[in-house]
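The primary structure of each chain is shown beneath.
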Amino acid sequence: MSSSAEPVIDANLAVALDALLTEQSVTRAAARLHTSPAAMSRTLARLRRILQDPLLVRAGQAMVPTPRARDLREETAAVVRRLGALLGPGAGVDPAVLRSTFTLQAADLVCAALAPGMLGLARQEAPGISLRFRAEELEAGSALRDGRIDLEIGAIDHVDPETRVEELVTLRMAAGVRPGHPLTEGTLTPDRLAAADHVVVSRRGGFTGPLDTALAERNLRRRVTVVLPGHMAAMALAARSDIVCLVPTAPAGGVPSPLTDAATALGLRLLDIPLPLPPLTIGMAWHPRHAADGGHRWLRNAVRRTLHAPGGSTA
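None of the values given here were measured: they were computed from a predicted structure.

## Observations regarding the environment of Met 118
Argument step 1. By the element assignment, Met 118 lies in helix H5 (residues 108–125).
Argument step 2. Once the C-alpha coordinates of Met 118 and Leu 131 are considered, the two residues, 13 residues apart in sequence, prove to be 8.6 Å apart.

## So, the layout of surface pockets
Argument step 1. Here the largest pocket is characterised by a volume of approximately 1300 Å³.
Argument step 2. Glu 136, Ala 155, Val 201, His 231 and Leu 280 are the residues nearest the centre of the largest pocket, which is lined by 47 residues in total.
Argument step 3. For the lining of the largest pocket, the secondary structure elements donating two or more residues are H5, helix H6 (140–146), strand S5 (151–154), strand S7 (197–201), helix H8 (210–216), helix H9 (231–239), strand S9 (245–249) and strand S11 (280–286).
Argument step 4. Classifying every residue of the lining of the largest pocket gives 28 nonpolar, 10 polar and 9 charged.

## Notes on the packing of H5 against H9
Argument step 1. In contact at an axis separation of 7 Å, H5 and H9 are set at 90 degrees when each is read in the N-to-C sense. In terms of orientation, H5 and H9 fall into the roughly perpendicular class. When H5 is examined against H9, the residues Asp 108, Leu 109 and Ala 112 are found in contact with a partner set consisting of His 231, Met 232, Ala 233 and Met 235.
Argument step 2. The residue makeup of the contact of H5 with H9, split by class, is 5 nonpolar, 1 polar and 1 charged.

## Overview of the nonpolar core
Argument step 1. Counting residues in hydrophobic clusters, the biggest one holds 43 residues, and the most contacted among them are Leu 104, Ile 153 and Val 303.
Argument step 2. When residues of this core are assigned to their parent elements, the largest contribution, 8 residues, is made by H5.
Argument step 3. Setting aside its immediate chain neighbours within four residues, Ile 153 contacts Leu 104, Gln 105, Ala 106, Ala 107, Val 110, Leu 114, Leu 168, Ile 282, Gly 283, Met 284, Val 303 and Leu 307.
Argument step 4. Ranked by size, the runner-up nonpolar core spans 17 residues in total, among them Leu 20, Ala 29, Leu 47 and Leu 56.

## What about the pattern of salt bridges?
Argument step 1. Applying the stated rule across the entire model yields 12 salt bridges.
Argument step 2. The salt bridge involving Glu 23 is made with Arg 28; its shortest N-O contact spans 3.5 Å.
Argument step 3. For Glu 23, a relative accessible area of 22% translates into the label partly exposed.
Argument step 4. Residue classification places Arg 28 among the partly exposed positions, given a relative accessible area of 46%.
Argument step 5. Here Asp 212 and Arg 222 are joined by a salt bridge, their closest N and O atoms 2.8 Å apart. Of this pair, Asp 212 sits in helix H8 while Arg 222 sits in the loop between H8 and strand S8 (223–228), placing them 10 residues apart in sequence. An identical accessibility class is assigned to Asp 212 and Arg 222; each is buried.
Argument step 6. Each member of the salt-bridge network shares a partner with another, and the members are Asp 18, Glu 23, Arg 28 and Arg 32.

## Some words on the packing of aromatic side chains
Argument step 1. Enumeration according to the criterion identifies 0 aromatic pairs in this entry.
Argument step 2. Over the ring of Trp 286 we find Arg 300, and its NZ or CZ is 4.5 Å from the ring centre.

## Remarks on the pairing of S11
Argument step 1. Most of S11 sits inside the fold, with 5 of its 7 residues counted as buried.
Argument step 2. Across 3 bridges, the pairing between S5 and S11 is antiparallel. When the sheet's bridge partners are listed, Glu 152 is paired in S11 with Ala 285.
Argument step 3. Relative to S11, strand S6 (residues 164–177) is paired through 7 bridges, and the arrangement is antiparallel. Bridging across to S11, Val 165 finds its partner in Ala 285.

Parameters at a glance
Residues numbered from 1 in each chain as written. Predicted model: local features only at pLDDT ≥ 70, side-chain atom pairs only at ≥ 80, totals over all residues. Heavy atoms only, no water. Helix = DSSP H or I, 4+ residues; strand = E, 2+ residues; numbered from the N terminus. 1 Å grid on protein atoms, 1.4 Å probe; cavity = no way out; pocket = protein on both sides within 12 Å on 5 of 7 lines; lining within 4 Å. Points joined across faces, edges and corners; volume = space filled by probe spheres on them. Nonpolar A, V, L, I, M, F, W, Y, C, P; charged D, E, K, R; others polar. Axes fitted to C-alpha atoms, helices over the stretch in contact; angles between N-to-C directions. Parallel < 35°, antiparallel > 145°, perpendicular 65-115°, else oblique. Contact = heavy atoms within 4.5 Å. Core = buried A, V, L, I, M, F, W, Y, C linked by side-chain atoms within 4.5 Å. Buried < 20%, exposed > 50% of the residue type's maximum accessible area, 1.4 Å probe, protein only. Salt bridge = Lys/Arg side-chain N within 4 Å of Asp/Glu carboxyl O. Phe/Tyr/Trp six-rings, centres within 6.5 Å; stacked < 30°, edge-to-face > 60°. Lys NZ or Arg CZ within 6 Å of the ring centre and 35° of its normal. Pairing = 2+ DSSP bridges.

Structural data, given as structure tokens:
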């Protein structure tokens, strides 16, 4: 049993037909499509064979459409508009019409910094969206790939070639203590800092971090009295005891960071650490399938604006 081949659809013919029916002139249609009159004449001849209709016939110095051509004019224009929308670059999405739920994975401190600002932007610009924040409980690379989360925000430490990563802000660590803490009096030295009681934030229960490395280079060791899984609990503890916690804050002279708002609300004093510590870079990661999606672009830009990050790549 034989089967006939599927007909080949040439979208360029629809574009040419639209130009011819709109301009009613081979010369003007050629100019509109940046081609030669001779090439447009050949295209018109091909259209005539396919549609079995002359389409445009000469009337004096002008060309006029046949009844079939008049019937095709609006439909052809609509097809070309749809082709442009389908094959052209993605158009921007009006955030006001979005009806989506976006899932963001981040540490509790980042969630606390993001939620108020992003909800404010959503109320103003995209009232139909909902935001779901979840703790750092999923393996981010596979969760982004599987679509279980839309964005990961924080210190991006996984390396996945397919994941898009954008650095947002770079912060420094300060020592957060309650008002009246002994460390607020006099000069804070590495020895005094090491002698204080500390809380460490670690999801895996670890007792050490970059501060311990910096102290060890001076043959100092701090006393870690408690390990907590979240920054908010650590700051709340520091606000009610003589425990020292680490708090991310803007570099000296920089724009204040919303990541410090929770510490400020708890009344913590932030002391400069007299040791060279590596900076903390907060970034966001997403799967490339969302790169050109208008709603996801709005989401990423909302994160930038909330964290006071400069406009980054929209890829």
